[in-house]
Each structure stands twice: as C-alpha cells, then as structure tokens.
Amino acid sequence: MNYQIHRGQHEIGGMCIEVNASDGTRILLDLGMPLVAPDGGDFPFDTPRRPTAELLSEGVLRDIPGLYPHDPGAPDIAATILTHSHLDHYGLAHHAHPEIPVYGSEGTLAILEVGRIFFPDSALPADLRRLPSNKPFEFVSISVTAIPVDHAAPDSRALLVEADGQRLLYTGDLRAHGRTGFRFENMLTDQRLHGVDWLLVEGTTLGSSGGTHGLSSESDVENELVKLARDSKGSLVAVVASGQNVDRLVSCFRAARRSERLLVIDPYQAYVLMKLTPPSKSIPQFTWDDVRVSFSPYQVQRLKDAGMMDLVYEMSRQSRVSSDELATRPGRYLMCSRSSLGMTKVFDKIGPDRVELVWSMWSGYWERDRCAMRTWAERSGVVPHVIHGGGHAWPEDLKRLTSAIAAKETVWVHTDAVSAL
Ligand SMILES: [Zn+2]
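All values reported here derive from a predicted model rather than from experimental measurement.

Draft legend 1. Examining the overall build of the chain more closely. Along the chain, the regular secondary structure elements total 14 helices and 18 strands. With the principal axes as the frame, the chain shows a C-alpha extent of 70 × 45 × 40 Å. Looking at the chain residue by residue over its 421 residues, the buried ones come to 58%. A separation of at least 24 residues holds for 71% of the contacts in the chain among residues at least 6 apart in sequence. In the form shown here, the chain has an accessible surface area of approximately 17,300 Å², with 50% of it arising from carbon and sulfur atoms. Placing the 43 positive and 53 negative side-chain charges of the chain at their respective mean positions leaves the two points 8 Å apart.

Okay, here's the thing in structure tokens:
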C-alpha cells in the first residue's frame, strides 16, 4: 500500500489524500477546497463552482490521473471518502468523474443534502453514499473503517485504511474537548489503531493560524453564555455561530435553559437538527417546548422551492416567534443568529442597546471579514463578546494521541506549522 498527499499537508484546507494498493486499486480520502489563498487571504467562496479546467490550470485542483471527467482513463478511482462536511474536506469533490461514488457518514450526507436545499448554488457530488461506522467496508482490495470522532462538524470520522497487510490512519479533523470528547479517549485504547504503519494526523493548532484562541471546552462556552445571559436581563443574547455546528447549538440550548430563556433558531438550523436526528438522538428540535423558530424570508422561500411548505406550516404552528415578540421581550430569548442583513434589521427593531452580541466563531473571521454583522455592530456602537471553543485538538491532546497510537510513522497534515511536534 502507498499513499500520496495531493494537497493539505502544509496548509489548513484543501485536503486530498490518495491511497493505492499493489493491485492498482485507488481511493481518495477527502477532496476539499483550499481555504488560504497564496496571498494569505481567504480563498474566494465561488471557487467550487468554477470550471474544472480552470481550477486544474491554476493548481487549485491537483492533476490526479483517472479522476476527472475529461481524462480518457477515468474513472480510475474506486471511491472518494469524506471525513466530514466542512468545505475544506469536501468542497471540490463534485469535480471528479460522476461515476466515482462519494462516501460519508449519515450526518455528513445529511448536512450536504440540507445544503442542496438552502444554498441552491452549492455544487455537490452526483453519487453520494453512506459509509457505515466501525466496520470494515471494502473497495476492491482496500478496506476502510470509519471511526467516529469529536469535531465541530456533526458525525465526523477518522478513516482506518487497510491493504496489502498494512494500515494507515487518517484522523480527518478532530478534538478531545467537544461534547463527544469520549470518542477521542476511545481512540487512545482502540487496538485496531495501535501501531499503524502510518498515522496522518491533523495539526491545526500547532501552527500560527491554528492558535490558542477560544475557550478550552464546549462546556466552558456554555458556562460563559449562562453568565452573560444572567448578567444581561432584559436584553436579547444573540449568538452568531455556524448553523451546522451542532455542539455549539446544544451549548446555546443548555445555556438558554439554565438562564430561563427560550432558544431561538432559524428554519435552516431547525431543518439541520431534524435531519441529524438519526445519528444524534438527543439534540434539540423545533418541536421542543423551549425552542422557537424565527422566520427568515430567504430560508422560507428555499423550503417552499423544495416543496416543503408542510414543514414551514408545522414550524409556524408549533414554534414561530415573530420579530415583534422578540422586540417586546428580548430578555426572554437566547438566539442562534446568522451574520445576515435580515438579522441586523431584527436587531435594529429590538434596539442595539438591548442586544448582547456574541461572536461564536473563530475571531479571525470577525477581524478579517467585513460581514453584515460587523458592519451593523460598528454602526450601532455594539462591541461583541467573543465566546468560542476551537474545533481542533489542542497540542497536548495531539501528543496524547500520537503516543498512544505509536505509529511506525507519524505524518502531520492540515497545519501551517513549520515544524510539527
Ligand atoms: Zn473540519
């Protein structure tokens, strides 16, 4: 068995690893979009939708024989396997030959399918299939075992690849400090992983941009939110976070309960939570007593276009909260917000002095991007509270992982650290 890291070793993003067996069977692990442009800025968000030939000529897509539709030798890859639903791991997978199946966990596929509805421009692979967890799945002569890991994307996986009597473990993205940190601890004693030939491990936090920003755990995030909510009676607590970061949503839900507020989500989040019920049974749902849905006209239209007006009516009947209600009693609610113009209009209606804004994503996004929320905050004289916990394992946890697994060779990927541990 051999492997080749096509992209994503010395950068955060653009992950793509090929594994091949001696009989010529080849698979790809992730096929993601780069995040960092050569000038150090963000990669343009429309990158996935640009033509394959252009991305290849610019080197954004790597020249991998047998992968792309224009290659007469294609398809010569048995499958692409995704570790999770973050753009830097799946974002370019649709450029591959459409007959190459793309595998992911139930939760990964759910997030991708939800994206198809709410972001009609998003480009997704044609043939998406579910990869079962914790048991070997055969791709001709290569076997892949998907191992659940804790990460900010729901239902993320590490991949154990076996062929020719050798083993390679690719961690994908993972951490020990989320709500399912026990999965990380399980890996330390998992005999299937001990002594693998190659450990390809993500090292985001080892580099300069992976940093030590953020709180150390998801429960710290919850506690900080509770403190803020109790200290700001009469004000709306509005938490800007990624809609697919379910751990964060659970933290918001728990913080709302502990501070005797109702959790407010939008239709996108309500739908994400609904679709994730099979893999995560205990996550909050819009049907729960202390959850409300604030309607965004754009999102309602997307559901309507997808023929799901029944769901809109159900959300409306069971749990809708209007902007008038939010403005009348803002102190009753803790809201998971989006950085959108529509949201800032709701905040203006409530009154900026009655909104406690929480930035619950990487602080670099706030500093670098002039998003709708930052523009509104600066105009209104609102200073956000930054309450965030990182999605990646801290260096001390990575050390525990690499020493417990004791691979014959450990290779750091997904890091801009000059020299890894
Ligand atoms: Zn990730």
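Draft legend 2. Geometry of the coordination of the zinc ion. Bound to the zinc ion on the protein side are His84 (NE2), His86 (ND1), His151 (NE2) and Asp173 (OD), at distances that span 2.2 to 2.3 Å. Each of the four donor atoms around the zinc ion contributes to a set of angles spanning 91 to 166°, which defines the coordination as irregular.

Draft legend 3. Highlighting the sheet that holds strand E6 (residues 128–130). Within the open sheet, the six strands sit side by side as E1-E2-E3-E4-E5-E6. Their pairing is mixed. The strands lining the two open edges of the sheet, one partner per strand, are strand E1 (2–7) and E6. Looking at each pair of strands side by side, their axes are set apart by 25° on average, direction ignored. Bridge count for E1 against strand E2 (residues 16–20) is five bridges, and the pairing is antiparallel. For glutamine 4, the partnering residue across the bridge sits in E2 and is glutamate 18. Of the strands in this sheet, strand E5 (102–104) and E6 are in contact with helix H3 (residues 106–118), which crosses E6 at around 150°.

Draft legend 4. How the structure looks around the state of the cysteines. For the structure on display, the rule yields zero disulfides. No disulfide involves cysteine 371; its sulfur sits 16 Å from that of cysteine 336, the nearest cysteine.

Draft legend 5. Representation of unusual backbone geometry within the structure. With omega at 0°, the peptide bond leading from alanine 74 into proline 75 counts as cis. Here proline 75 shows up in the loop between helix H1 (52–57) and strand E4 (79–81). Positioned with a positive phi, glutamate 260 is a non-glycine residue whose angle comes to about 55°. Position of glutamate 260 among the secondary structure elements: in the loop between helix H6 (246–258) and strand E13 (262–265). Phi is positive for histidine 414, close to 55°, though the residue is something other than glycine. Mapped onto the elements of the fold, histidine 414 is located in the segment after strand E18 (409–413).

Draft legend 6. Region of interest: the pattern of salt bridges. If you walk through the whole model with that rule in mind, you get 26 salt bridges. In the salt-bridge network here, residues are joined through shared partners; they are Asp150, Arg175, Glu218, Asp247 and Arg248.

Draft legend 7. Representation of the environment of isoleucine 5. Its location among the elements puts isoleucine 5 in strand E1. Sequence-distant contacts of isoleucine 5, defined by excluding residues within four places in its chain, comprise Cys16, Ile17, Leu200, Val411 and Val413.

What counts and how
Residues numbered from 1 in each chain as written. Predicted model: local features only at pLDDT ≥ 70, side-chain atom pairs only at ≥ 80, totals over all residues. Heavy atoms only, no water. Helix = DSSP H or I, 4+ residues; strand = E, 2+ residues; numbered from the N terminus. Buried < 20%, exposed > 50% of the residue type's maximum accessible area, 1.4 Å probe, protein only. Contact = heavy atoms within 4.5 Å. Areas by Shrake-Rupley, 256 points an atom, 1.4 Å probe, with all protein chains shown as cover. Lys, Arg positive; Asp, Glu negative; His and termini not counted. Charge placed at Lys NZ, Arg CZ, Asp CG, Glu CD. Donors = N, O, S within 2.8 Å, 3.2 Å for Na, K, Ca; no water. Tetrahedral: all angles 85-135°; square planar, octahedral: opposite > 155°, others 65-115°. Pairing = 2+ DSSP bridges. Axes fitted to C-alpha atoms, helices over the stretch in contact; angles between N-to-C directions. Disulfide = S-S within 2.5 Å. Salt bridge = Lys/Arg side-chain N within 4 Å of Asp/Glu carboxyl O.

From the geometry alone we can't say anything about function, so treat these as descriptive.
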